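Residues per chain are reported as follows:
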Amino acid sequence: MASFASSTTKIYCNKILADMFDHGKHESYFGSKLKNKKKLDLKLVTKVASQLPVIVPPPDQEVINKEKKLAAWTSVRQERWEGELVVEGELPLWLNGTYLRNGPGQWHIGDYNFRHLFDGYATLVRLHFENGRLIMGHRQIESDAYKAAKSSNKICYREFSEVPKADNFLSYIGDMAKLLSGASLTDNANTGVVKLGDGRVVCLTETIKGSIVIDPNTLDTIGKFEYSDSLGGLIHSAHPVVTDREFITLIPDLINPGYLVVRMEAGTNERKYIGRVSCRGGPAPGWVHSFPVTENYVIVPEMSLRYCAQNLLKAEPTPLYKFEWHPDSKAFVHVMCKASGNIVASVEVPLYVTFHFINGYEEKDEDGRVTAVIADCCEHSADTTILDKLRLENLRSFNGKDVLPDARVGRFRIPLDGSPYGELEAALDPNEHGKGMDMCSINPAYLGKKYRYAYACGAKRPCNFPNTLTKIDLFDKKAKNWYDEGAVPSEPFFVARPGATEEDDGVVISMISDKNGEGYALILDGSTFEEIARAKFPYGLPYGLHGCWVPKI
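Residues numbered from 1 in each chain as written. Predicted model: local features only at pLDDT ≥ 70, side-chain atom pairs only at ≥ 80, totals over all residues. Heavy atoms only, no water.

1. Observations concerning the pattern of salt bridges
Under the definition given, this model contains 33 salt bridges. The partner of Arg115 in a salt bridge is Glu162, with the nearest N and O atoms 3.1 Å apart. In this pair, Arg115 is assigned in the loop between β6 (112-113) and β7 (121-130) and Glu162 in the loop between α3 (144-152) and α4 (169-181), connecting sequence segments 47 residues apart. Judged by its relative accessible area of 26%, Arg115 is partly exposed. In this structure, Glu432 engages Lys478 in a salt bridge whose closest nitrogen and oxygen atoms are separated by 3.8 Å. (Salt bridge = Lys/Arg side-chain N within 4 Å of Asp/Glu carboxyl O. Helix = DSSP H or I, 4+ residues; strand = E, 2+ residues; numbered from the N terminus. Buried < 20%, exposed > 50% of the residue type's maximum accessible area, 1.4 Å probe, protein only.)

Right under this line is the structure:
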């Protein structure tokens, strides 16, 4: 099993390169020189941490006008800040710990503006709650990609849609060699942040090299999280399933299409093989940004939105970036036993597109026997255009038209009786949450178990991006929605009250970019979904992706 992904990727990519050069296609891989853009003055925020801020220029005035001062889609104003916030309302005294949120926070380098939401260099934001007080800080993650870009004033690694510009044909060949080895893939860990069972905090993205350990108290970058096994691989799921005991993830195989399912015990850096799932369709495995588990099973999705090595090699992004849509290859869901690694179900399902699974659980009959597995996700109605809608140009140019693709809580039911087909239906009427649904969290005590509540971002139409915070009740099939006109909320993160017996007894934390170019931390009651406190930031922050909770010990 050793190094299966890296070695097979080299074989596949070499074949593609040979085909490209045979047809003279390399000429289209060199873009024109970038035009210089205006730089704007920026006032310093003086309340900073121990070091002076590193100031970065904001976008062009034209972009600011289009954004109507919304800070969600602008680069972070300075590299770091720390200070206590004034709280309006009352924070629960039991809320003691740190909420960390990771996400792309710098979308330009030098005079060059990035194109896609997922390209930005990672910014960590820290909200530390203690005895009714709130300390906020933010800092850039010092990945190799970020440090190289800052030093050379240009992109040096391959990001989601950005590729270093080759100066000549020889440098292009050199970049191809680095791609084949994985050396040119970014380590920009801008997607998520998880607390491992041994207390280490790791920031992640879809490249395996982009696993970076940080200090949750200072936000210092400690160093790379180095896996000590010989499983190899270049990419993995951006969202592993993490508990106090283990870390489970999927490693796609691009050559012999399938996925390795692996587990890492708390306190180790060694991933251990559980089993392998072979894909049933298409030229490559489907994108697997996230996946669910139940108490006894790992659920492996196989979307028709599949990885594409040819697109990975291109210097300019395609509409689907590193992926291709293969509806004729059909869509599947596989269920693997955690203990044995055996596949207990592999079913065809209706076409679907999802970034984020919400949760999974086992359905049992009256005798307690498992008859089916349920998996819920934020499903975009099999519409792949959601990827391109996340281009920064689209996000910055909202003109009042409703352009956000529809989404729902998609519920898979995978029977374990040998049936060849599974079901996919809406778990509740999508109109309850404005036909928008993404960026979800649950009470972690219900991971892999039957649950009732989920917290996510929904939509109040018209919009071009999810703009509400939504509490989903999957029993009553209803939703409660929080909305601030013109604002963009980030992922609502649920923190349970210590000793709670009710699933929704806790608070929901989100960071809001408001229409005035400012921002604030918002705390909602997890049960009533009403605001109990907010705290204004010193300035608006960029939109963030995913977070974790580090309780105070």
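Now that the structure has been shown, we can carry on.
2. Things to note about empty space enclosed by the protein
For the structure shown, the criterion picks out seven cavities of 30 Å³ or more. Of the pockets and cavities examined, the largest cavity occupies roughly 820 Å³. In terms of lining residues, the largest cavity is bounded by 47 residues, among which Phe118, Phe160, Glu206, Trp287 and Phe323 are the most central. Within the residue set of the lining of the largest cavity, elements represented by two or more residues are α1 (4-22), α5 (309-313), β22 (354-364) and β26 (438-441). (1 Å grid on protein atoms, 1.4 Å probe; cavity = no way out; pocket = protein on both sides within 12 Å on 5 of 7 lines; lining within 4 Å. Points joined across faces, edges and corners; volume = space filled by probe spheres on them.)

3. Overview of the sheet that holds strand β12 (residues 221-224)
Sheet architecture is open: four strands sit in the order β9-β10-β11-β12, paired in antiparallel fashion. Single-partner strands in this sheet number two, and they are β9 (192-195) and β12. Pairwise comparison of adjacent strand axes, ignoring direction, gives a mean angle of 30° for this sheet. With three bridges joining them, strand β11 (residues 212-214) and β12 adopt antiparallel strand pairing. Within β12, the residue paired with Ile212 across the bridge is Lys224. (Pairing = 2+ DSSP bridges. Axes fitted to C-alpha atoms, helices over the stretch in contact; angles between N-to-C directions.)

4. Let's talk about the packing of aromatic side chains
Tallying each qualifying case throughout the model produces 20 aromatic pairs. Ring geometry for Phe114 against Tyr121: centres 5.4 Å apart, planes inclined by 70°, an arrangement best described as edge-to-face. The class for Phe114 is buried, based on a relative accessible area of 3%. Classification of Tyr121 as buried rests on a relative accessible area of 0%. Where Tyr352 meets Phe412, the ring centres are 4.9 Å apart and the plane angle is 75°; that geometry is what we call edge-to-face. Of the two residues, Tyr352 is situated in the loop between β21 (343-349) and β22 and Phe412 in strand β24 (residues 408-415); the sequence distance between them amounts to 60 residues. The same class applies to Tyr352 and to Phe412, which are both buried. In this structure an aromatic cluster arises from ring pairing among Phe118, Phe160, Trp287, Tyr307, Tyr321, Phe323 and Phe355. (Phe/Tyr/Trp six-rings, centres within 6.5 Å; stacked < 30°, edge-to-face > 60°.)

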